[in-house]
Amino acid sequence: SLGLGISYITRSDDNPPDSVQPTTDSTDFFAGQALQFDSRNEYIYSNRISFLFGAKWNNETGHSESTYNGLPSNFNEHSNSAIGIYGIHQYHGESVSTEIGLRRDQRSNYGGITSAQAKLTYPTTSDGTIQVEYGTGFKNPSLYQLYSSYGNENLQDEKSSTASLAFEKIWNKNFFLSVDYFTSEYFDLIDFDSVTSKYYNLARASSNGAELEIKWQ
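Residues numbered from 1 in each chain as written. Predicted model: local features only at pLDDT ≥ 70, side-chain atom pairs only at ≥ 80, totals over all residues. Heavy atoms only, no water.

**Notes on the nonpolar core**
Step number 1: Listed in full, the 10 residues of the largest apolar core are Phe30, Phe75, Leu143, Tyr144, Leu146, Tyr147, Tyr150, Leu155, Ile190 and Tyr199.
Step number 2: Excluding residues that lie within four positions of it along the chain, Tyr147 makes contacts with Phe75, His78, Asn109 and Glu153. (Core = buried A, V, L, I, M, F, W, Y, C linked by side-chain atoms within 4.5 Å. Buried < 20%, exposed > 50% of the residue type's maximum accessible area, 1.4 Å probe, protein only. Contact = heavy atoms within 4.5 Å.)

Right, here's the structure in full:
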């Protein structure tokens, strides 16, 4: 399969003088677009083993026009681009199913990075499963986070790892129950500092939670 996507974004902020900041008058306008192309292919080796291969390319461009107390602070058009390739091996057995994936991305501003995922699904009964999953990922700073008046050109890419444990069960084809627990670790998390009005990297952060889903038909 092939896919093509394009999106446009504009963002405008106006901060006139007020009782809190009576001497500050600033404006910020950002306009950008993102273009994305992806290809996905599947090779079925047998009724139990299959492979997924794919590639994805994206390009982001944008510019900003800002003023601070009448002084301009603009950046001309910048662009970021990246291309990634990935492969996923899937095994569907009678007693267990597995999925192992590997992805490599090459970015114009941040070099190459590799991410991975692994998933194990074990059937507890004919209508119930336990699923264990672990994966790593990353997120590049956007052009707005890098170059706008709120931006920081020294931002690093954000990296993360997530582990989850889930249980699903269906009773009499009418009642569905899903319980999912997950925990995530973030490194160089991209955040916004409301004091300095700038984006920055938080060295390390974590989150965890649980989801419960119940359906009755």
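**Description of the environment of Phe176**
Step number 1: Relative to the assigned elements, Phe176 resides in strand β10 (residues 175-193).
Step number 2: The buried category is assigned to Phe176, whose relative accessible area is 19%.
Step number 3: Excluding residues within four positions of it along the chain, Phe176 makes contact with Glu168, Lys169, Ile170, Glu213, Ile214 and Lys215. (Helix = DSSP H or I, 4+ residues; strand = E, 2+ residues; numbered from the N terminus.)

**Notes on the confidence of the model for the chain**
Step number 1: The pLDDT averaged across the chain works out to 90; a share of 94% of its residues lies at or above 70.
Step number 2: Of all helices and strands in the chain, the one with the weakest mean pLDDT is strand β4 (residues 71-72) (67), whereas strand β6 (residues 97-107) scores best (96). (pLDDT = per-residue confidence, 0-100.)

**Examining the side chain of Glu158**
Step number 1: By secondary structure assignment, the location of Glu158 is in strand β9 (residues 158-171).
Step number 2: Taking relative accessible area as the criterion, Glu158 reaches 7% and is therefore assigned buried.
Step number 3: From its side chain, Glu158 meets the backbone nitrogen of Ile190 in a polar contact 2.9 Å long.
Step number 4: The contacts of Glu158, once residues within four sequence positions are left out, are Gly137, Phe138, Lys139, Tyr186, Phe187, Asp188, Leu189 and Ile190. (Polar contact = N/O pair within 3.5 Å; in protein donor to acceptor, adjacent residues only side chain to side chain.)

**Things to note about the packing of aromatic side chains**
Step number 1: Within this structure, the stated rule accounts for 9 aromatic pairs.
Step number 2: Between the aromatic rings of Trp171 and Phe175, the centroid separation amounts to 5.5 Å while the plane-to-plane angle is 45°, which identifies the pairing as tilted.
Step number 3: Owing to a relative accessible area of 37%, Trp171 belongs among the partly exposed residues under this scheme.
Step number 4: Where Phe175 meets Trp216, the ring centres are 6.0 Å apart and the plane angle is 55°; that geometry is what we call tilted. Of this pair, Phe175 sits in strand β10 while Trp216 sits in strand β11 (residues 198-216), and the two are 41 residues apart along the sequence.
Step number 5: Classification of Phe175 as partly exposed rests on a relative accessible area of 24%. (Phe/Tyr/Trp six-rings, centres within 6.5 Å; stacked < 30°, edge-to-face > 60°.)

**Notes on the side chain of Ser50**
Step number 1: For Ser50, the location among the structural elements is in strand β3 (residues 49-68).
Step number 2: Judged by its relative accessible area of 6%, Ser50 is buried.
Step number 3: Beyond its immediate chain neighbours, meaning those up to four positions away, Ser50 contacts Glu42, Tyr43, Ile44, Tyr45, Ile88, His89, Gln90 and His92.

**Brief notes about a nonpolar patch on the surface**
Step number 1: Taken together, the side chains of Leu2, Leu4, Phe37, Trp57 and Ile83 present a nonpolar region at the surface, about 550 Å² in accessible area.
Step number 2: Relative to the helices and strands, Leu2 resides in strand β1 (residues 2-15).
Step number 3: For Leu2, a relative accessible area of 68% gives the class exposed. (Patch = residues over 30% accessible without salt bridge, like charges linked within 9 Å, V, L, I, M, F, W, Y side chains within 5 Å. Areas by Shrake-Rupley, 256 points an atom, 1.4 Å probe, with all protein chains shown as cover. Salt bridge = Lys/Arg side-chain N within 4 Å of Asp/Glu carboxyl O.)

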